[in-house]
Structures are given as C-alpha cells and as structure tokens.
Amino acid sequence: EADIYQTPRYLVIGTGKKITLECSQTMGHDKMYWYQQDPGMELHLIHYSYGVNSTEKGDLSSESTVSRIRTEHFPLTLESARPSHTSQYLCASSRDRGGAEAFFGQGTRLTVV
Amino acid sequence: KQEVTQIPAALSVPEGENLVLNCSFTDSAIYNLQWFRQDPGKGLTSLLLIQSSQREQTSGRLNASLDKSSGRSTLYIAASQPGDSATYLCAVRPSTSYGKLTFGQGTILTVHP
C-alpha cells in the first residue's frame with residue numbers, strides 16, 4: 001500500500017478564491033510530481049521536484065505553483081481559481097534509485113464554479 | 001519526444017477470458033515501464049514495474065512483458081473477473097529527464113459476468 005496522501009479528495013470552490021491542494025508522503029522519496037487529468041483524458045505532468053527547494057514546471061503549462069520546503073510535503077497552490085482549472089489533480093512520488101517505482105495518491109477532484 | 005500509445009482504447013470481455021493489453025513507445029531509451037490501474041474518479045494503483053533490463057514481471061493473474069528494442073509492452077490478464085474492470089495505464093520512465101513518466105491514453109476494460 002502506497003503511503004502518499006492527498007487532501008481534500010473533493011473541492012468545490014468559487015471563482016477567484018485561493019486554494020492549496022495538499023500532498024504528503026511518508027516513504028522518504030526525493031522525487032514528487034503533480035499531474036492533471038481531465039475526465040476520460042490522459043495524465044499530463046504540471047510540476048515536479050527532485051528534492052527540497054527544487055521545483056520545475058512540467059510538460060503542460062499550468063497557472064498553479066508548488067513548493068517543496070520539506071521532503072514529505074509538496075503542496076500545489078492556485079492564487080485565483082477559474083472554471084478552466086476544474087480537473088482532477090494527482091500527486092505522485094518515487095525514489096531516486098532502487099527501481100524508481102512511482103506511487104500515486106487518490107487525487108483531488110477540483111470544481112471551480 | 002517520447003510518445004506512448006495503448007491499444008485497444010476499450011475492451012469488453014466476458015468473465016473468465018484471458019486478455020492482452022498493448023502498449024508501445026517511440027523512444028527505446030527507457031529506465032523502466034510501469035503498468036497502473038485506475039478506477040473511476042480515483043488515483044492510480046501500481047500493478048507491475050519492469051526495469052529496462054528485464055523481460056517480464058508477474059503478480060498473481062497479471063503478467064507484463066517488455067521488448068525494449070521494439071518499443072512494446074504487453075499486460076496479460078488471466079481468467080478475468082468483473083473486479084478487473086478499470087482503466088489500465090502504461091507509463092514509461094526515460095533513462096534521462098530525471099524520472100518524469102510519460103503516460104499512454106489508457107485502455108478501458110469492462111469484464112461482464
């Protein structure tokens with residue numbers, strides 16, 4: 001069982017609000033990732049981190065930002081939510097070596113009204 | 001740029017059938033390949049991880065093979081059950097690019113009683 005947790009699982013919020021999606025892992029993984037997935041569509045990488053104080057933008061442009069102050073924590077923030085941000089956001093982590101298997105959280109389904 | 005394609009896009013089979021899901025990738029310089037399962041509205045569950053040096057991996061009724069030189073992987077599910085109904089995703093991790101996974105579009109599997 002993967003030890004990676006996302007909160008909240010579901011969030012409905014009004015346009016213009018600031019939101020933070022939480023992601024934590026207890027496996028001591030250096031690498032963490034945020035993916036965005038629209039219903040029935042493939043996953044797209046929006047942010048990743050190789051370790052503390054290391055963050056990079058992914059392949060899909062996103063208005064969100066991330067931070068990595070602690071190894072286990074990789075929150076994603078939207079300063080001003082818009083309906084176009086409605087999607088599922090999936091957090092993942094992996095070890096740098098030893099097979100580098102990726103583990104995913106249960107996801108946060110965000111709806112901006 | 002790595003591209004991952006999964007065939008078929010959807011598959012419906014009666015319970016008890018053996019089935020094969022296909023995954024192909026354009027760049028053979030991979031570190032590993034991972035098969036996931038995703039239930040509707042949920043996160044991803046890791047099923048099997050194959051390192052680039054391996055030919056296959058088995059877990060219970062699941063068997064995944066890898067032919068890196070031809071850019072192909074197959075996921076074999078034996079004696080399918082209704083509980084196997086889900087979307088199956090294939091993802092490759094390049095040998096470079098610091099571990100960013102590239103996903104296929106997935107195969108939607110329905111096993112009916």
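For the structure given in this document, a descriptive report is provided here. On a predicted model such as this, the values are computed, not experimentally measured, just so you know.

Overview of the nonpolar core
- Core analysis: the biggest nonpolar cluster contains 22 residues, and B:Phe25, B:Leu33, B:Trp35, B:Leu75, B:Ile77, B:Tyr88 and B:Leu109 have the highest contact counts within it.
- Breaking this core down by element, the ones donating at least two residues are strand S3 (19–25), strand S4 (30–38), strand S5 (44–51), strand S7 (62–67), strand S8 (72–77), strand S9 (86–94) and strand S11 (107–112) of chain B.
- A:Ile13, A:Cys23, A:Val66 and A:Ala81 belong to the second largest nonpolar core, which has 18 residues in total.

Some remarks on the sheet that holds S8(B)
Residues and elements named next belong to chain B.
- An order of S1-S3-S8-S7-S6 is seen for the five strands of this open sheet, with the pairing classed as antiparallel. Bordering the open sheet on either side are strand S1 (4–7) and strand S6 (56–59), each of which pairs with just one other strand. Looking at each pair of strands side by side, their axes are set apart by 15° on average, direction ignored.
- Pairing of S1 with S3 involves four bridges; the strand directions are antiparallel. Paired with Thr 5 across the two strands is Ser 24, which belongs to S3.

A look at the interface of chain B and chain A
- Taken together, the contacts link 22 residues of chain B with 22 residues of chain A.
- Interface of chain B and chain A: buried area, both sides summed, is about 1800 Å²; carbon and sulfur atoms make up 49% of it.
- Scanning the region where chain B abuts chain A turns up zero salt bridges.
- At the junction of chain B with chain A, the criterion picks out eight residue pairs in polar contact (both at pLDDT 80 or more).
- Secondary structure elements with two or more residues in the side of chain B that touches chain A: S4, S5 and S9 of chain B.
- With five residues, the single largest contributor to the side of chain B that touches chain A is S4(B).
- Partitioned by chemical class, the residues of the side of chain B that touches chain A number eight nonpolar, eleven polar and three charged.

A word on the state of the cysteines
- Taken as a whole, this structure holds two disulfides over all chains when the rule is applied.
- With its sulfur 1.9 Å from that of its partner, A:Cys23 forms a disulfide with A:Cys91. Measuring handedness by torsion sign, the sulfur bridge of A:Cys23 and A:Cys91 sits at about -75° and is left-handed. Within this pair, whereas A:Cys23 is found in strand S3 (residues 19–25), its partner A:Cys91 is found in strand S9 (residues 87–94), the two being separated by 68 residues in sequence.
- Residue classification places A:Cys23 among the buried positions, given a relative accessible area of 0%.
- Covalently, B:Cys23 is tied to B:Cys90 through a disulfide, its sulfur atoms 1.9 Å apart. Its S-S torsion of approximately -55° makes the covalent link between B:Cys23 and B:Cys90 left-handed. With B:Cys23 in strand S3 and B:Cys90 in strand S9, this residue pair connects regions lying 67 residues apart in the sequence.
- We classify B:Cys23 as buried; its relative accessible area is 2%.

A closer look at the pattern of salt bridges
- According to the stated counting rule, one finds five salt bridges over all chains in the structure shown.
- Salt-bridge contacts for A:Lys18 lead to A:Glu79; the nearest nitrogen and oxygen are separated by 3.9 Å. Remark: A:Glu79 occurs in the loop between strand S8 (76–78) and S9 and A:Lys18 occurs in the loop between strand S2 (10–13) and S3; sequence separation between them is 61 residues.
- A salt bridge links B:Arg61 to B:Asp84; the nearest nitrogen and oxygen atoms lie 2.8 Å apart. Here the residue B:Arg61 occupies a position in the loop between S6 and S7, and B:Asp84 occupies one in the loop between S8 and S9, the gap between them amounting to 23 residues.

Rules and cut-offs
Residues numbered from 1 in each chain as written. Chains lettered and ligands numbered in written order. Predicted model: local features only at pLDDT ≥ 70, side-chain atom pairs only at ≥ 80, totals over all residues. Heavy atoms only, no water. Core = buried A, V, L, I, M, F, W, Y, C linked by side-chain atoms within 4.5 Å. Buried < 20%, exposed > 50% of the residue type's maximum accessible area, 1.4 Å probe, protein only. Helix = DSSP H or I, 4+ residues; strand = E, 2+ residues; numbered from the N terminus. Pairing = 2+ DSSP bridges. Axes fitted to C-alpha atoms, helices over the stretch in contact; angles between N-to-C directions. Contact = heavy atoms within 4.5 Å. Buried area = accessible area lost by both parts, 1.4 Å probe. Salt bridge = Lys/Arg side-chain N within 4 Å of Asp/Glu carboxyl O. Polar contact = N/O pair within 3.5 Å; in protein donor to acceptor, adjacent residues only side chain to side chain. Nonpolar A, V, L, I, M, F, W, Y, C, P; charged D, E, K, R; others polar. Disulfide = S-S within 2.5 Å.

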